[in-house]
Amino acid sequence: MSKFYKNLFYKSNKIIRSLLPKFIKQKLQSPPIGQIDFGDLRRLKPIDPHFGFSRGQVIDRYYIEIFLNKHASDIKGRVLEIGDNKYTKLFGGNRVVCSDVLNYTSGNPISTIVGDLTKADHIESNIFDCIILTQTLQMIYDYRLALKHLYRILKPGGILLSTSHGTSKLDRILGVDAWGEYWRFTGQSSKLLFEEFFKPGNVQTTSYGNVLSAISYLHGLASQDLTHDELDFNDPKFEVLVGVRAIK
Ligand SMILES: C[S@@+](CC[C@H](N)C(=O)[O-])C[C@H]1O[C@@H](n2cnc3c(N)ncnc32)[C@H](O)[C@@H]1O
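Cut-offs applied
Residue numbering note: each chain is counted from 1, following its sequence as written. Predicted model: local features are reported for residues with pLDDT of at least 70 only, side-chain atom pairs are reported and counted for 80 or more only, and whole-chain, interface and lining totals are derived from all residues. Just so you know, side-chain values use all the structure's heavy atoms and leave hydrogens and water out. Domain start and stop positions are those given by an automatic or database domain assignment. Geometry of aromatic contacts follows a simple scheme: Phe, Tyr and Trp rings, the Trp one being its six-membered ring, pair when their centres are within 6.5 Å, and the pair is stacked under 30 degrees between planes, edge-to-face over 60, tilted otherwise. Whether a charge sits over a ring comes down to the Lys NZ or Arg CZ being within 6 Å of the ring centre and within 35 degrees of the ring normal. Buried Ala, Val, Leu, Ile, Met, Phe, Trp, Tyr and Cys residues form a nonpolar core when they are joined through side-chain atoms within 4.5 Å. Each residue gets one of three labels from its accessible area relative to the maximum for its type: buried under 20%, exposed over 50%, partly exposed in between, using a 1.4 Å probe on protein chains only. Put simply, DSSP marks the helices as runs of H or I at least four residues long and the strands as runs of E at least two long, and each gets a number from the N terminus on. The contact criterion used is simple: two residues touch if any of their non-hydrogen atoms lie within 4.5 Å. The reported arc concerns the directions from the helix axis to the C-beta atoms and nothing else. Criterion used throughout: strands pair if DSSP finds at least two bridges between them. The criterion for a residue being near a molecule or strand is simple. One of its heavy atoms has to lie within 4 Å of it. For the purposes of these results, a polar contact is taken to be a pair of N or O atoms within 3.5 Å, where, inside protein, one atom must be able to donate a hydrogen and its partner to accept one; residues adjacent in sequence count only when each atom of the pair is a side-chain atom. Values of accessible area rely on a 1.4 Å probe in the Shrake-Rupley scheme; residue burial ignores everything except the protein chains shown. Classification convention: Asp, Glu, Lys, Arg as charged; Ala, Val, Leu, Ile, Met, Phe, Trp, Tyr, Cys, Pro as nonpolar; all other residues, Gly among them, as polar.

Draft legend 1. The domain arrangement of the protein, seen in detail. You can read the domains of the protein as domain 1 (1-33) and domain 2 (40-247). Domain 1 and domain 2 are separated by 46 Å when their C-alpha centres are compared.

Structure representation (structure tokens):
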């Protein structure tokens, strides 16, 4: 075919395609049914069953660190974190005067408080400037009772920074583990839920993720398996992580 007709063909093809309705365009772009190239992803078990720990940084942690970094200036004064205080140290630095660690069960050498957040009357009211609650609320069946105590133990003006899973594999089984895994909150449910305790104007939610990072997270791929552009592309319909910042 001469160069002239080839160009004419491609140009007219492009014009015709541009005139096609969106759904037809999409159909033309999507692979034929039954012929998806899944590559390494075509398997019934995840590539890494441990969230990608063996491959590098777990994808939800990538998003957690973006969220906490964005709100690092809130992490100051007396700070409470759950299970450990890695984020208090990482993002609070020398703004932190006192770092407390609450652990659900006794025996954690770094914990300064032991207890169930749903039964936390033993923790004084109005004592924390900031509470870092990462990947915890979804593990608490009676999350409203926990939020009631979290609100109570914050100082007026104190800030709760909470993250929870959107799309994720289940990790904890009650009876096998000390605690279970009960909920998946969306950005929408998180906002309404936190507004039951904090003034509506004082609650801000941010979601992170897209279809590729969601699939990658489910397969236990690490953030190093994707580019930053791929990780940072935000599609609110595919929430891998939901972050909430709430001011008392
Ligand atoms: C997935 S871990 C998250 C730990 C840590 N914050 C992080 O981001 O890696 C869930 C934490 O929730 C705690 N937890 C579960 N149920 C709890 C409850 N009712 N009250 C207080 N902590 C609880 C567990 O002890 C555990 O430390």
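Draft legend 2. Inspection of the packing of aromatic side chains at higher detail. Counted according to the given criterion, the structure contains 10 aromatic pairs. Its guanidinium or amino end placed over the ring of phenylalanine 51, lysine 169 lies 4.6 Å from that ring's centre, counting from NZ or CZ. Its guanidinium or amino end placed over the ring of tyrosine 151, lysine 248 lies 5.0 Å from that ring's centre, counting from NZ or CZ.

Draft legend 3. Layout of the nonpolar core. By size, the foremost hydrophobic cluster in this structure holds 29 residues, and its most contacted members are Phe128, Leu160 and Phe194. Breaking this core down by element, the ones donating at least two residues are strand E1 (77-82), strand E4 (128-134), helix H5 (143-153), strand E5 (154-165), helix H6 (187-194) and strand E7 (241-247). Counting residues per element, this core draws most heavily on H5, which supplies 5 residues. Not counting residues within four places of it along the chain, the set of residues in contact with phenylalanine 128 comprises Arg78, Val79, Leu80, Asp100, Ile113, Ile123, Ile153, Leu154, Lys155 and Gly158. One finds Val58, Tyr63, Tyr87 and Tyr208 within the second-largest nonpolar core, a separate group that totals 25 residues.

Draft legend 4. Expanded view of H6. Burial in H6 covers these residues: Gly187, Ser190, Leu193 and Phe194. With its buried residues spanning 130° around the axis, H6 presents them on a single face. Opposite its buried face, H6 presents the exposed residues Gln188 and Leu192, each directed more than 90 degrees away. If you follow the buried residues of H6, they end up packed against H5, E5, strand E6 (203-208) and E7.

Draft legend 5. Layout of the sheet that holds E6. One open sheet accounts for 7 strands, arranged E3-E2-E1-E4-E5-E7-E6; its pairing is mixed. At either end of the open sheet lies a strand with only one pairing partner, and these are strand E3 (113-114) and E6. As judged from the 6 bridges shared by E4 and E5, these two strands associate in the parallel manner. Each bridged residue has a counterpart across the sheet, and for leucine 133 the counterpart in E5 is serine 162.

Draft legend 6. Summary view of the site of the ligand. Close to the ligand lie 15 residues; Arg61, Ile82, Asp116, Leu117 and Thr134 are nearest. The separation between a nitrogen atom of the ligand and a polar main-chain atom of leucine 117 is 2.9 Å. Here the ligand loses 90% of its free accessible area of 590 Å² to cover by the protein chains. Grouping the amino acids of the shell around the ligand by side-chain chemistry returns 7 nonpolar, 5 polar and 3 charged.

Draft legend 7. Up close: the side chain of serine 111. One can find serine 111 in the loop between strand E2 (96-103) and E3. Serine 111 sits in the buried class, given a relative accessible area of 18%. In this structure the side chain of serine 111 is engaged in a polar contact, spanning 2.8 Å, whose partner is the backbone oxygen of asparagine 108. Beyond its immediate chain neighbours, meaning those up to four positions away, serine 111 contacts Val101 and Asn103.

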